[in-house]
Each structure stands twice: as structure tokens, then as C-alpha cells.
Amino acid sequence: MWRARHERPSGRPGGALGDGGLQVERTELAWARTESAVAVCAVIGFRLSAHTRQPALVALAVLVSFGAAALLVSGWIARMRSARTAGGKSSAPPTFPLRAHAIAVLIPALGLISLTFVIWSVTSR
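None of the values given here were measured: they were computed from a predicted structure.

### Regarding the environment of Ala70
Piece 1. Topologically, Ala70 is positioned in helix H3 (residues 55-85).
Piece 2. The exposure class assigned to Ala70 is partly exposed, which follows from its relative accessible area of 45%.
Piece 3. As for Ala70 and Arg99, which are separated by 29 residues in sequence, their C-alpha atoms are 9.6 Å apart.

Structure (C-alpha cells):
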């Protein structure tokens, strides 16, 4: 009796929600978009820091840009390797925790670059 009540509906592959196991793929695509956004912001941060002509800020922007590029490349490689080993089926890449930590470091660094640029632009008037 208990089992019959808590079984998945047979008509829908993902249970009551009908997701069909696509949540992993949606999450993976969301992280790929996040990595791309970080890379774009890093390039913009590099361009803004070049206007300040402060060597430390330019060095930080270059470091963040290279980190974002490495993040994009590692994500792309992990997705390709995952697709190749899974026979075309998407699965979570094994290097995700490292990439998540890299994103957690790069985003505050981008904020620091932006904050420094805003302070520099206000004080240079």
C-alpha cells in the first residue's frame, strides 16, 4: 500500500514534474553562461584598468582576464570530455568544484577593479 502511493507516475519520465532528467543539463548550461559572463566582465575590467594607468590595477586585471580565459577553456574541455565519454549524453564535469571556486575568486576581483575605477574617475575630476 505504501509503495503504490509513493511510486512515480509511469506516464512521465521525470516524475511529477516531467523534467526527464534535464535539470543537470540546464545547470551545466547556466554555469557555462556564468563563465562566459565572467570572461566578458574581465575583458571590460582590463580595458577600464588601462585607463587608470595604475600598474597594480592593470596587473590585477590581467590576472583576472587570464583566470577567466582559463576558466572558459577548462569548462569547454570538461564538457567535450564529458560528452565524449558519455556517448553524447551530458553529465556534470568532474572539475566543477575547482571551477566554482575560481568563479568565487574572480567575481570579487572584478568588483574590486570596478570599485577602483569608479573611485579613480571621481577623484580625477
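### Things to note about the side chain of Glu35
Piece 1. With respect to the helices and strands, Glu35 occurs in helix H2 (residues 23-52).
Piece 2. On the accessibility criterion, Glu35 (1% relative accessible area) is buried.
Piece 3. Aside from chain neighbours lying at most four places away, what touches Glu35 is Leu71, Leu72, Gly75, Arg79, Arg99 and Ile103.

### What to know about a nonpolar patch on the surface
Piece 1. Taken together, the side chains of Val73, Trp76, Ile77 and Met80 present a nonpolar region at the surface, about 380 Å² in accessible area.
Piece 2. One can find Ile77 in helix H3.
Piece 3. Look at Ile77 and you get partly exposed, because its relative accessible area is 36%.

### Considerations on the packing of H2 against H3
Piece 1. For the pair H2 and H3, interaxial distance at closest approach is 8 Å and the crossing angle is 160°. Our classification of the angle between H2 and H3 gives roughly antiparallel. In terms of crossing hand, the pair formed by H2 and H3 is left-handed.
Piece 2. Split by residue class, the contact of H2 with H3 holds 15 nonpolar, six polar and three charged.

Rules behind the numbers
Residues numbered from 1 in each chain as written. Predicted model: local features only at pLDDT ≥ 70, side-chain atom pairs only at ≥ 80, totals over all residues. Heavy atoms only, no water. Helix = DSSP H or I, 4+ residues; strand = E, 2+ residues; numbered from the N terminus. Buried < 20%, exposed > 50% of the residue type's maximum accessible area, 1.4 Å probe, protein only. Contact = heavy atoms within 4.5 Å. Patch = residues over 30% accessible without salt bridge, like charges linked within 9 Å, V, L, I, M, F, W, Y side chains within 5 Å. Areas by Shrake-Rupley, 256 points an atom, 1.4 Å probe, with all protein chains shown as cover. Salt bridge = Lys/Arg side-chain N within 4 Å of Asp/Glu carboxyl O. Axes fitted to C-alpha atoms, helices over the stretch in contact; angles between N-to-C directions. Parallel < 35°, antiparallel > 145°, perpendicular 65-115°, else oblique. Left-handed = near helix turned anticlockwise from the far one by under 90°. Nonpolar A, V, L, I, M, F, W, Y, C, P; charged D, E, K, R; others polar.

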